[in-house]
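# A closer look at the structure
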Amino acid sequence: RRSFRPPVFGVTVIGSGHGFDPGNRTSGFIVWLGGRGVMVDPPVDALDWLAEYDVDPRQIDGLILTHCHADHDAGTLQKLLQEGRVTIYTTHTVLNSFVEKYSLLTGMPTDKFRKLFDHVPVRAGEPINLHGAQVTFKYSLHSLPCVGFEIEMRGKGLVYPSDTLNDIAAIRKLQEEGVLGDERAR
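In this report, the structure presented in the accompanying data block is examined. Note that the coordinates shown come from a computational prediction; the quantities given were computed from them, not determined experimentally. (Residues numbered from 1 in each chain as written. Predicted model: local features only at pLDDT ≥ 70, side-chain atom pairs only at ≥ 80, totals over all residues. Heavy atoms only, no water.)

### Observations regarding the overall build of the protein chain
Along the protein chain, the regular secondary structure elements total 6 helices and 10 strands. Along the longest, intermediate and shortest principal axes, the C-alpha atoms of the protein chain span 55 × 45 × 35 Å. In the protein chain, of all internal contacts separated by at least 6 residues, the share reaching a separation of at least 24 is 53%. Carbon together with sulfur atoms contributes 50% to the accessible area of the protein chain, which is approximately 10,200 Å² in total. Counting 20 positive and 23 negative side-chain charges, the protein chain places the centres of these two groups 6 Å from one another. (Helix = DSSP H or I, 4+ residues; strand = E, 2+ residues; numbered from the N terminus. Contact = heavy atoms within 4.5 Å. Areas by Shrake-Rupley, 256 points an atom, 1.4 Å probe, with all protein chains shown as cover. Lys, Arg positive; Asp, Glu negative; His and termini not counted. Charge placed at Lys NZ, Arg CZ, Asp CG, Glu CD.)

Below, the structure is given as structure tokens:
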């Protein structure tokens, strides 16, 4: 077997299951941008998956964390503890939830826990440059703060809404109850 050679732009799915499916890895993937990998909500044991497919973990230098449900963030903790320094791209709100949750679970003080990674804060609607791609984050409608994103690179793109409520009747009801404003409901 020969080592994996990353594309300029591409996606590698690590898992496509959900948090209530014990038989499959939870949803998570790698976005390849300019030959560098950025993991998105890596499943637990994603590092074992990389080894199984001869993907050098040093090719992956970033991680997008969409929200703090265990089926989306537990692999992030594992990567930090096993691999060392990584750059996390997410909002301050999502990151603070992640830090608080895993500081409590590990018993590590929050200031020490924050030293395990670098954080590039993102804001909804404000694009960032990530390995030559334009990445724009957007909020998803979920039970807790959650972001999705759009990526554009060299005329190709990817849209990932992350976990989101996609029920028009439920959205209209939330709008009628005043929970959502008109713009957010749209």
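### What about the sheet that holds strand β8 (residues 133-139)?
Pairing within the open sheet is antiparallel, and its 4 strands lie in the order β7-β8-β9-β10. Of all the strands in the sheet, just β7 (128-130) and β10 (156-160) have a single pairing partner and so form its edges. For this sheet, the mean angle separating the axes of adjacent strands, direction not counted, is 25°. (Pairing = 2+ DSSP bridges. Axes fitted to C-alpha atoms, helices over the stretch in contact; angles between N-to-C directions.)

### Digging into the nonpolar core
Ile30, Met39, Leu50, Ile88, Phe98, Phe113 and Phe117 are the most contacted members of the largest nonpolar core, which totals 26 residues. Apart from the residues within four sequence positions on either side, Leu50 is in contact with Ile30, Met39, Val55, Pro57 and Ile60. In this structure, Val31, Val40, Val135 and Tyr160 belong to the second largest nonpolar core, which totals 18 residues. (Core = buried A, V, L, I, M, F, W, Y, C linked by side-chain atoms within 4.5 Å. Buried < 20%, exposed > 50% of the residue type's maximum accessible area, 1.4 Å probe, protein only.)

### What about helix α2 (residues 70-83)?
The end-to-end C-alpha distance of α2, which contains 14 residues, comes to 19 Å, matching closely the 20 Å that a straight helix rising 1.5 Å per residue would cover. Across the 14 residues that make up α2, a large majority, 10, are buried. (Expected span 1.5 Å × (residues − 1).)

### What to know about the side chain of Gln78
Residue position: Gln78 is located in helix α2. At 2.6 Å, the side chain of Gln78 and the backbone nitrogen of Asp45 are in polar contact. Once residues lying within four places of it in the same chain are set aside, the contact partners of Gln78 are Pro43, Val44, Asp45, Ala46, Leu47 and Glu83. (Polar contact = N/O pair within 3.5 Å; in protein donor to acceptor, adjacent residues only side chain to side chain.)

### A short note on unusual backbone geometry
With a phi close to 45°, Asp41 is a non-glycine residue in the positive phi region. Structurally, the position occupied by Asp41 is in the loop between β3 (36-40) and α1 (46-52). For Asp41, a relative accessible area of 0% corresponds to the buried category. In this structure, Asp45 is a non-glycine residue whose phi angle is positive, near 70°. One can find Asp45 in the loop between β3 and α1.

### Things to note about the side chain of Thr90
Within the secondary structure layout, Thr90 lies in strand β5 (residues 87-90). Looking at Thr90, the relative accessible area reads 0%, which means it is buried. Within the structure, Thr90 has its side chain in polar contact with the backbone oxygen of Leu65 (distance 2.6 Å). Setting aside chain neighbours within four positions, we find Thr90 in contact with Leu65, Leu95, His119, Val120, Pro121, Val122 and Val147.

None of the figures reported here should be taken as evidence of function without further support.
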